[in-house]
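Listed below, chain by chain, are the residues.
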Amino acid sequence: LPLTPRGTNMQNYTSVTEFTLLGIPNTEGLENMLFVLFLAFYLFTLLGNLLIFLTILVSSNLHTPMYFFLGNLSVFDIFFPSVSSPKMMLYLMGPSQTISYQGCACQLFFYHFLGGTECFLYTVMAYDRFVAIRHPLRYTVIMSHKVRTGLMLGTWLGGCLHGSILTFLVFKLPFCGPNEVDNFFCDIPGLLPLACADTSLAQTVSFTNVDVVTLTCFFLILTSYGHIVISILKIGTSAGRHRAFSTCSGHLISVFLFYGPVMLIYLRPASSPWLDSVIQVLNNIVTPSLNPLIYTLRNKDVKLALRQVFTQVVHISGIERR
């Protein structure tokens, strides 16, 4: 594919029809080990989050606003790593290191659509915890089915708008070569250097978009937890304070695991392909696999519901064998 210099006449150029994913830098010879490792994380992510979602679905004692949002988080943690993980594992197996132009655009859109939606969802979950601790007697009234459904719809629409803007900004640019993406999936830092036109506007608007969404949500979460801490400290008994803190701790751990990599990738002034890839592996594969552990090991209600589900399954299996 010919390389058309930036700033020249773009009338006669050959459009890129596919991109080559270069994978994670400096991992040559480790493909088999990484494939087994990432496959294990991916399967654990799918099974763990599916188990939490189904447990919340079938357990009537978990039909509360908090677990409504946790169930939605489990769904996102199933879809989010599925945007990049299957293609990355195919790359590690060796048969295909390319992705079509349309596939690359879809990957970018769904990555930022689901990532943006999850970003908004963590903010909504922080507000839910604020209402539960600040207004416990009015909690179910404030967070009614209509309200939480509206909040979830808002997160979906916000994430869709976020992903659409970023995808439009990147793929309205002409790509005429080279076509090698220095990453294991299609994202803004790896694609903008390949465009055959001035990318300053797209770079400024896209990174500003990501920065504004990320920092605004993170600020709102910190604000909610500032009020939560003040409310918890006013609780008279140590047992009550401990219970309130334990209710929020799982969400806080997930927030830092999610926002930490995002800020390192998009808020740093300089880009390092190797560091970006490692951070995105953490964000795309490792963090979604940790959420089931965080919300089961630190949550008595979920652990109790899981035991009840397993007991029912064993009981039904025993009846069928007879």
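Parameters at a glance
- Residues numbered from 1 in each chain as written.
- Predicted model: local features only at pLDDT ≥ 70, side-chain atom pairs only at ≥ 80, totals over all residues.
- Heavy atoms only, no water.
- Salt bridge = Lys/Arg side-chain N within 4 Å of Asp/Glu carboxyl O.
- Buried < 20%, exposed > 50% of the residue type's maximum accessible area, 1.4 Å probe, protein only.
- Core = buried A, V, L, I, M, F, W, Y, C linked by side-chain atoms within 4.5 Å.
- Helix = DSSP H or I, 4+ residues; strand = E, 2+ residues; numbered from the N terminus.
- Contact = heavy atoms within 4.5 Å.
- Phe/Tyr/Trp six-rings, centres within 6.5 Å; stacked < 30°, edge-to-face > 60°.
- Lys NZ or Arg CZ within 6 Å of the ring centre and 35° of its normal.
- Pairing = 2+ DSSP bridges.
- Axes fitted to C-alpha atoms, helices over the stretch in contact; angles between N-to-C directions.
- UniProt positions renumbered as here; feature names shortened; annotations may be inferred.

Student: Any chance you could explain the pattern of salt bridges here in plain terms?
Tutor: For the coordinates displayed, the defined rule picks out 1 salt bridge. Here Arg129 ties to Asp128 by a salt bridge, and the two come within 3.1 Å at their closest N and O atoms. Arg129 gets classed as buried once you look at its relative accessible area, which sits at 7%. Take Asp128: its relative accessible area is 2%, and that puts it in the buried class.

Student: Just checking my understanding: could you explain the nonpolar core for this structure?
Tutor: Most often, soluble globular proteins keep nonpolar side chains buried together rather than apart. In this structure, Phe19, Phe38, Phe171, Phe175, Leu191 and Tyr259 are the most contacted members of the largest nonpolar core, which totals 82 residues. Element by element, the count of residues in this core is highest for helix H4 (residues 101-134), at 17 residues. Sequence-distant contacts of Phe38, that is, excluding residues within four places in its chain, are made with Ile24, Met88, Met89, Leu92, Val281 and Ile285.

Student: Quick question: what am I supposed to make of the packing of aromatic side chains here?
Tutor: Any two aromatic rings considered together are summarised by their centre-to-centre distance and by the angle between their planes. Inspection of the entire model under this criterion finds 19 aromatic pairs. With centroids separated by 5.0 Å and ring planes inclined at 40°, the aromatic side chains of Phe76 and Trp156 adopt a geometry described as tilted. Taken together, the positions of Phe76 in helix H2 (residues 65-82) and Trp156 in helix H6 (residues 145-171) put the pair 80 residues apart, joining distant regions of the chain. Ring pairing ties together the aromatic residues Phe76, Phe109, Phe110, Phe113 and Trp156, which thus form one cluster. Geometry around Phe68 places Arg148 over its ring, the cationic atom sitting 5.5 Å from the centre.

Student: How should the sheet that holds strand E2 (residues 98-100) be read in this particular structure?
Tutor: Consider a sheet: its strands pair through backbone hydrogen bonds, and that pairing is either parallel or antiparallel. Here 3 strands make up an open sheet; going across it, the order is E2-E1-E3 and the pairing mixed. Here the strands that pair on one side only, and so sit at the sheet edges, are E2 and strand E3 (180-181). Both strand E1 (residues 18-21) and E2 contribute to a ladder of 3 bridges, which runs antiparallel. Counterpart to Phe19 in the pairing with E2 is Ile99. Taken strand by strand, H4 contacts E1 and E2, and its axis lies near 85° from that of E2.

Student: Looking at this model, I keep getting lost on the UniProt feature "transmembrane region" (unreviewed entry) in the protein chain. Mind explaining?
Tutor: Listed under "transmembrane region" (unreviewed entry) in the UniProt record, and renumbered for this structure, are residues 33-58, 65-83, 151-171, 212-233 and 245-267. With 100% helix and 0% strand, the stretch residues 212-233 has end C-alpha atoms that lie 31 Å from each other.

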